[in-house]
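Close look at the chain arrangement
Each chain, letter by letter, is given below.
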Amino acid sequence: MAQTFESWWSSLGPITKFTLVICMALGAAASFELVDFTHFFFVFPLLLTEPWRLVTSAFFLGPFSMSFMFNLVFFVIYQKRLEEEDYPLGFMGRTADHVWMMLAIVLVLVPLAVFFSLKVLSLSFIMGIVWVWCKRHEQQELVFYGFAFKAGYFPWILTLIHVLMGSSPFGDICGIVAGHFYVCTKDVFPNTHNISIMNTPQFMYNIFPPQKVAVTSVAGAQTFMPDNRGQQVPGAQAPHRWGTGRRLGD
């Protein structure tokens with residue numbers, strides 16, 4: 001049965017919906033010249049007086065174009081995958097942890113953007129999110145344009161593709177560095193060095209309380225809804241569950 005827009009929209013979590021809406025809104029504002037889109041750019045000296053630039057530069061994909069659609073698809077796919085997978089691979093029912101991950105990646109990108117004179121952080125931000133998902137699924141097989149490879153190699157393959165298309169690799173590398181910083185401080189150091197510096201602060205849980213998530217089926221699509229009958233999402237360590245092969249975009 002063909003999936004309706006309503007059922008598809010219902011299948012998205014709050015972070016994925018926010019990502020889609022803000023990227024589309026900023027793209028529309030630039031495409032229809034509603035505002036001067038240079039106000040969306042990252043300009044470090046202006047952050048104190050125009051703090052919105054930190055957010056807009058992380059979600060601004062440019063005016064509507066094929067490049068915009070390509071980047072938006074990647075953005076939504078990997079936000080959705082992280083939001084739909086349970087601990088420790090993803091953030092199902094843990095919006096506060098998901099937001100904290102995004103904030104951590106953006107904050108690491110700030111000094112890198114200053115050093116490399118980046119005006120838009122969105123492509124680096126996407127690469128950081130892709131890196132987190134790929135590092136948590138290193139052995140999972142992906143298929144991209146008919147070529148199969150392990151997920152751990154995908155960020156580097158994507159960077160190579162961007163270089164062959166004439167783009168600078170520095171934005172992608174900045175995203176990889178930011179994503180790797182999060183993975184190391186959140187997933188690696190607590191197990192190898194008993195050091196935890198990336199724990200989500202309590203005020204984030206006050207804003208986004210953890211929720212048990214019930215998975216139902218609406219018109220053939222999965223719909224993720226809060227289930228207040230269950231307990232909060234546990235924080236206990238769980239073993240990795242390496243997935244089976246998956247085509248990009250599924």
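This text follows the structure it describes.
All values derive from a computational prediction rather than experimental measurement.

Scoring rules and cut-offs
Residues numbered from 1 in each chain as written. Predicted model: local features only at pLDDT ≥ 70, side-chain atom pairs only at ≥ 80, totals over all residues. Heavy atoms only, no water. Helix = DSSP H or I, 4+ residues; strand = E, 2+ residues; numbered from the N terminus. Contact = heavy atoms within 4.5 Å. Buried < 20%, exposed > 50% of the residue type's maximum accessible area, 1.4 Å probe, protein only. Arc of directions from axis to C-beta. Salt bridge = Lys/Arg side-chain N within 4 Å of Asp/Glu carboxyl O. Polar contact = N/O pair within 3.5 Å; in protein donor to acceptor, adjacent residues only side chain to side chain.

Counting its regular elements, the chain contains 9 helices and 5 strands. In sequence order, the chain lays out its α and β elements as α-α-α-α-α-α-β-β-α-α-α-β-β-β. Excluding contacts between residues fewer than 6 apart, the proportion of contacts in the chain whose partners are at least 24 apart in sequence is 63%.

Within helix 7 (residues 154-164) the residues assigned to the buried category are Phe154, Pro155, Leu158, Thr159 and His162. Buried positions in helix 7, seen along its axis, are confined to an arc of 140° and lie on one side of it. Tucked inside the fold, the buried residues of helix 7 contact helix 4 (66-84), helix 6 (122-135), strand 1 (141-144), strand 2 (147-150) and helix 8 (170-192). Within two residues after helix 7, glycine 166 carries a phi angle of roughly 95°, on the positive side.

Okay, the pattern of salt bridges next. Under the definition given, this model contains 5 salt bridges. Here arginine 53 makes a salt bridge to glutamate 50, at a shortest N to O gap of 2.5 Å. According to the relative accessible area criterion, arginine 53 is buried, its value standing at 5%. By relative accessible area, which is 18% here, glutamate 50 ends up buried.

Below, the discussion takes up the environment of phenylalanine 74. Residue position: phenylalanine 74 is located in helix 4. The spatial distance from the C-alpha of phenylalanine 74 to the C-alpha of methionine 127 is 9.2 Å, given a sequence separation of 53 residues. Residues in contact with phenylalanine 74, not counting those within four places in the same chain, are Ile126, Phe144, Phe154 and Leu158.

Relative to the elements of secondary structure, arginine 53 occurs in helix 3 (residues 53-59). Setting aside residues no more than four positions away along its own chain, arginine 53 makes contact with Thr38, His39, Phe40, Phe41, Val43, Leu46 and Leu47. In terms of polar contacts, arginine 53 uses its side chain to reach the side chain of glutamate 50, at 2.5 Å.

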